[in-house]
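# Summary of the model geometry
The residues making up each chain are set out below.
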Amino acid sequence: MREGSLEAPTRHPLDWKNPEFWDPAKAEKELERVFDICHGCRRCVSLCTAFPTLFDLVDSSSTLEVDGVAKADYWKVVDQCYLCDLCYMTKCPYVPPHPWNVDFPHVMLRAKAIKFRKGGKFRLRFRDDLLSSTDALGKLAAIPVVAQTVNALNKNPVSRAAMQAVLGVHKDRELPPYAPKKFRSTKPGSRTFPVRDGKNTPGKVAIFATCYANYNEPVLGHDLLAILAHNEIPCVMVDEEVCCGMPKLELGDLDGVDSLKKKNLPVLARYAREGYAILAPVPSCALMFKQELPLMYPDDADAIAVRDAMFDPFEYFVLRKKDGLLKSDFKQPLGKVSYHIPCHSRVQNMGQKTREMLESIPGTEVTTVERCSGHDGTWGVKTEYFDNSMKIGRPVFRQMAEPAPAYVSSDCPIAARHIMQGMGESAGRAVKAHPLTLLRTAYGI
């Protein structure tokens, strides 16, 4: 048996439709097997709090091995994992094709799925269902008066204390505001440009707006539209969309993911087959269609078609540049930019395309921080994980502040908000701006 693997990681499909997947005893046995390998390696100890939790349990057990850890305590490790996938993609030497076949995130996902189906405390289950129902929340909060009221309550210490007591949403977590008008209802009319396909890129774009751009920061969508128009790339909004399903996946609510998949994939597959590049301005949403759904539905032709047509915006822009079809008429230097590459961008296996694009702007100095910020979707919002999310993020907060930047930026808008909160006064005069906003600023449009 060789020590580690030199081959590129591969991924086995998630066998979630197999009845054995849902067998608690068999899942527990697989947890023990993987935990034992992780305990013998400990390479991932600095990634998050899941691994220190596991190793502390082992080190305080009577045998100093995994067999001394109570099975009931396995769930303490599961609860600390937020499925960022970094252990699989960047650290673990025993992932497939290594014969040990360690897929820590998928083992955690299996455990979360079993736990979700089993149910739990009503208060926590209600909170988790609510936070992961991004479309329902967004549609309600996007009503103008409601949006203003929700935003005011989210900044009120008394209402936040009540929210913590009732829902388990930490009172100190800065929450993203809701926009009074969603992106899809405020987008300008499409401009007509000729389709210019490149060697690496389709010449027309369909935008999957995402819940966040629709309901929280429509500026992301408008910036993307402006950049596409400046580069004379014809684009359309997809006819209809619902949440990509990532918040449900992170809970282990695979039935919820399935329900959303059935609504999204037929629509998106039509655009894929018509030759569109599909762009999603939030990396978690792009990753859901690039990786998670194809792993859940490996034999679904729609899932594969959408996977092959899905691009991160900056992945598309850099490839467009290689095709000689992206303008470089930048008018505004950006100065110092502290750029954080989020986990869900890193595990797309596309390289640091956002950094590459920003560095091509004259008068721009980019400092890249390649480490998990610790927020991860709804995980860092919850009372029981808030302190850990801030602890995980501390090295990121410090590194982002060190250059005294003009801008703090991350492809993940939630991570950027979390980072600014963690930086506190050390942020100085830095402005939080999404990379799409920075690129639009540089173009002067």
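Residues numbered from 1 in each chain as written. Predicted model: local features only at pLDDT ≥ 70, side-chain atom pairs only at ≥ 80, totals over all residues. Heavy atoms only, no water.

## Observations regarding the sheet that holds strand 2 (residues 235-237)
Pairing is parallel in the open sheet, where four strands are placed in the order 2-1-3-4. Pairing within the sheet leaves two strands with one partner each, and these edge strands are strand 2 and strand 4 (310-311). Two strands pair when backbone bridges link them, and strand 1 (residues 205-207) and strand 2 are joined in this way by three bridges, in the parallel orientation. Looking at strand 2, one finds that valine 205 is bridged to cysteine 235. (Pairing = 2+ DSSP bridges. Helix = DSSP H or I, 4+ residues; strand = E, 2+ residues; numbered from the N terminus.)

## Section: the side chain of histidine 344
Tracing the backbone through its elements, the reader meets histidine 344 in helix 18 (residues 343-346). For histidine 344, a relative accessible area of 5% gives the class buried. Of note is the side chain of histidine 344, whose polar atom sits 2.7 Å from the side chain of serine 284. Contact partners of histidine 344, with chain neighbours within four places excluded, come to Leu83, Cys84, Met246, Glu250, Pro283, Ser284, Leu287 and Asp376. (Buried < 20%, exposed > 50% of the residue type's maximum accessible area, 1.4 Å probe, protein only. Polar contact = N/O pair within 3.5 Å; in protein donor to acceptor, adjacent residues only side chain to side chain. Contact = heavy atoms within 4.5 Å.)

## Remarks on unusual backbone geometry
Following proline 96, the chain continues to proline 97 via a peptide bond in cis, the omega torsion being 15 degrees. Mapped onto the fold, proline 97 is located in the loop between helix 4 (86-91) and helix 5 (104-118). One non-glycine residue, leucine 64, lies in the positive phi region at around 60 degrees. With respect to the helices, strands and loops of the structure, leucine 64 is situated in the loop between helix 2 (50-59) and helix 3 (74-80). Look at leucine 64 and you get partly exposed, because its relative accessible area is 49%. A positive phi angle, near 55 degrees, is found at aspartate 376, a position not held by glycine.

## Things to note about the pattern of salt bridges
For the structure on display, the rule yields 28 salt bridges. As a salt-bridge pair, aspartate 128 and lysine 382 come within 3.2 Å of each other at their nearest N and O atoms. Of the two residues, aspartate 128 sits in helix 6 (residues 122-132) while lysine 382 sits in the loop between strand 6 (364-369) and helix 20 (386-401), which places them 254 residues apart along the sequence. The same class applies to aspartate 128 as to lysine 382, namely buried. With a closest N to O distance of 2.9 Å, aspartate 223 and arginine 440 form a salt bridge. Taken together, the residues aspartate 223 in helix 12 (residues 219-230) and arginine 440 in helix 22 (residues 435-443) connect sequence positions 217 residues apart. Several salt bridges share partner residues, and in doing so they unite Arg127, Asp128, Lys382 and Glu384 into one network. (Salt bridge = Lys/Arg side-chain N within 4 Å of Asp/Glu carboxyl O.)

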